Amino acid sequence: MRRITAVLTFLALAAVFLQGSFNKVYAAGFIIRNTKDTIKNIAALDTARYDSLMKRMANGDKTGRWPVKNAPLPLPGAILPFNRVVAYYGNMYSKNMGVLGEYEPKVMMDKLKAECKVWEKADTLTPVIPALHYICVTAQADAGRNGLHNLRMPFSQIDKVIAMAKTMNALVFLDLQVGFSTVQTEIPKLEKYLLMPNVHLGIDPEFSMKEGSVPGKRIGTFDADDINYVSKYLAGLVKKNNLPPKIFIIHRFTKRMVTNYKDIKLSSEVQLVMDMDGWGGPDLKKGTYKYFIAAEPVQFTGFKLFYKNDIKNGPKRMLTPKEVLALRPSPVYIQYQ
């Protein structure tokens, strides 16, 4: 037993050295704080702690929906629910699509770090991991050269986002607004990035125009079949390349945006988050979360906060972290636009 422990200790220390920091590094999707934690996270999933945290995430839910029943346990290295992810969303070419592109990189990253500290203070029991949620395929009113009403960002821009994330040990989410295209067409184009352990994925049903409407004219939709394709694709990458589980974000603020949610399939390789993406005053946002996220459980939940749109109308204030954490279930993914 001592020999096994020694070997695990050596491997854990080697992993820390390779990341270049003893203080706080990411390995297999976890924040590693010391050698003991490293050994535990590499060796096996702490199922008792996982179950306890899932129950805590339900936050006293009385409906029986949360935590989700019969969900598979994740592979070792799972980020959720051991951590909360706080992400900045946007596109590097636009100051209007979100905070990620609104400010110069250093200013943006300093703001994100400060926001993470706010969430750490609001819930001292859950470590916070920063993330950059980058829209790498943007929906367009114009059909464009490909006729698909979308614009794919050059890899050079994705590379810049990944480089920025590296400076602050942040995760990266690549987000798709497919327009007239499909997830089956768009996701394989990003495979070289999705093979990176710290890169995850998001899709936006709002801009999936299956009925042929121009993006922005109507709210689009994804079906469980689309979501299952993405999950299966990500799970295949995880299995084949021995990666930690991927986080998969689906944005939602209407019922029609996600159809046949009961047919969505879960796996140990993918952690699926339904992210409440609507903007407005506190009561409107809480209602949207209640009816379209909490009432149709899949696995984990997220919540988007808009620095500008949430304060357009009365009472002209954003929900506080304390108010968001009081939701049932409590969101594990927080996004700012």
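What you see is a predicted model; the values in this text were computed from it and never measured. (Residues numbered from 1 in each chain as written. Predicted model: local features only at pLDDT ≥ 70, side-chain atom pairs only at ≥ 80, totals over all residues. Heavy atoms only, no water.)

All right, on to the packing of aromatic side chains then. Within the structure shown, the criterion is met by eight aromatic pairs. Ring centres of Tyr88 and Tyr307 lie 6.1 Å apart, and the angle between their planes is 90°; on these two criteria the pair is classed as edge-to-face. On the criterion of sequence distance, the pair formed by Tyr88 in strand β3 (residues 84-90) and Tyr307 in the loop between β12 (300-305) and α11 (321-325) is long-range, its members being 219 residues apart. An aromatic cluster of three or more residues is present, and its members are Tyr88, Tyr307 and Tyr336. Stacked on the ring of Tyr307, the Lys or Arg Lys111 has its end atom at 5.7 Å from the ring centre. Lying over the aromatic face of Tyr89, Lys304 brings its terminal NZ or CZ to 3.8 Å of the ring centre. (Phe/Tyr/Trp six-rings, centres within 6.5 Å; stacked < 30°, edge-to-face > 60°. Helix = DSSP H or I, 4+ residues; strand = E, 2+ residues; numbered from the N terminus. Lys NZ or Arg CZ within 6 Å of the ring centre and 35° of its normal.)

One number sums up the size of the second largest pocket: a volume of about 540 Å³. In terms of lining residues, the second largest pocket is bounded by 26 residues, among which Trp279, Lys304, Phe306, Asn309 and Gln337 are the most central. Mapped by element, the contributors of at least two residues to the lining of the second largest pocket are α4 (99-102) and α10 (282-294). A per-element tally of the lining of the second largest pocket places α10 first, with three residues. Class assignment of the residues belonging to the lining of the second largest pocket gives a composition of 11 nonpolar, seven polar and eight charged. (1 Å grid on protein atoms, 1.4 Å probe; cavity = no way out; pocket = protein on both sides within 12 Å on 5 of 7 lines; lining within 4 Å. Points joined across faces, edges and corners; volume = space filled by probe spheres on them. Nonpolar A, V, L, I, M, F, W, Y, C, P; charged D, E, K, R; others polar.)

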